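Report on the structure
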Amino acid sequence: GETSNGPAKLNRQITQCTDAMGLLGLVKQHGESFDYIHVGSTWVTLVKMRSVGKEDGGEVIQLLQVLTRDRVAKMGAQAVANIFHAMVTLNASGRMIVDDELVGELLARAKATAGDFTPQAVANLMWAVATMGIENPDAGLVKMMQRRARMTAGDFIPQNVA
């Protein structure tokens, strides 16, 4: 059976959180045992909390940035795309200031996992790069995403390219 702090149960607890204080409690209590999936789920859950701002979400965001940096080397394409998309969404809505160094680490990991990107992940990543206003994104990354988009073109749905 599943232990009381099993990974799947913890992920459910994260995604069912409705406020920043609940997320902060989970991050403080279980953050050391978070894997990159938990980190990604926490970012995405934070984005869904539209009312969370810098004041009440700031500490969660700070801790998440540390956890993200610690786990970036093991992240798969989906996690990279989800986390970068979430960070840029929070930045664009004025809820956080993106750490440029962490952005660089995520984009380097995106390059390393480019062959595993789904159509949605390609779209999310490229939207985030454009929204961040990165004027000269890594040409290798852009080429890899273009190649991946071509390879998975048959799997795209309208939402992916919107």
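For the structure, check the block above.
Notes on the structure in this doc start here. In this text the structure is predicted, and so the values were computed from the model without any measurement.

With respect to the helices, strands and loops of the structure, Ser41 is situated in helix H3 (residues 36-48). Accessibility expressed as a relative area gives 13% for Ser41, which makes it buried. Engagement of the side chain of Ser41 in a polar contact is seen with the side chain of Asn11, the distance being 2.8 Å. Apart from residues lying up to four places away in sequence, Ser41 is in contact with Asn11, Ile14 and Thr15.

We now examine helix H2 (residues 20-30). Three or four residues apart is the spacing at which side chains of an α-helix point the same way, because the helix has 3.6 residues per turn. Within the sequence span of H2, burial applies to Ala20, Leu23, Leu24, Leu26, Val27 and His30. Down the axis, H2 shows its buried residues gathered within 165° of arc, on one side only. Projecting away from the buried face of H2 at angles above 90 degrees are the exposed residues Met21, Lys28 and Gln29. Near the N-terminus of H2, the side chain that reaches the backbone nitrogen of Met21, with its oxygen 3.2 Å away, is that of Asp19.

Here we take up the pattern of salt bridges. Think of it this way: side chains of opposite charge can pair up when their charged atoms draw near. For the structure on display, the rule yields four salt bridges. We note a salt bridge from Glu59 to Lys28, for which the minimum N-O separation is 3.1 Å. Note that Glu59 is positioned in helix H4 (residues 54-71) and Lys28 in helix H2, a separation of 31 residues in sequence. Of the charged contacts, one joins Asp99 and Arg69 as a salt bridge, the two residues approaching to 3.0 Å between their closest N and O atoms.

The subject of this paragraph is the environment of Glu59. Classification of Glu59 as partly exposed rests on a relative accessible area of 36%. Sequence separation between Glu59 and Met21 is 38 residues, and the spatial gap between their C-alpha atoms is 9.4 Å. If we ignore the near neighbours within four places in the chain, the residues touching Glu59 are Leu24 and Lys28. Of note is the side chain of Glu59, whose polar atom sits 3.1 Å from the side chain of Lys28.

The rules behind each value
- Residues numbered from 1 in each chain as written.
- Predicted model: local features only at pLDDT ≥ 70, side-chain atom pairs only at ≥ 80, totals over all residues.
- Heavy atoms only, no water.
- Helix = DSSP H or I, 4+ residues; strand = E, 2+ residues; numbered from the N terminus.
- Buried < 20%, exposed > 50% of the residue type's maximum accessible area, 1.4 Å probe, protein only.
- Polar contact = N/O pair within 3.5 Å; in protein donor to acceptor, adjacent residues only side chain to side chain.
- Contact = heavy atoms within 4.5 Å.
- Arc of directions from axis to C-beta.
- Salt bridge = Lys/Arg side-chain N within 4 Å of Asp/Glu carboxyl O.

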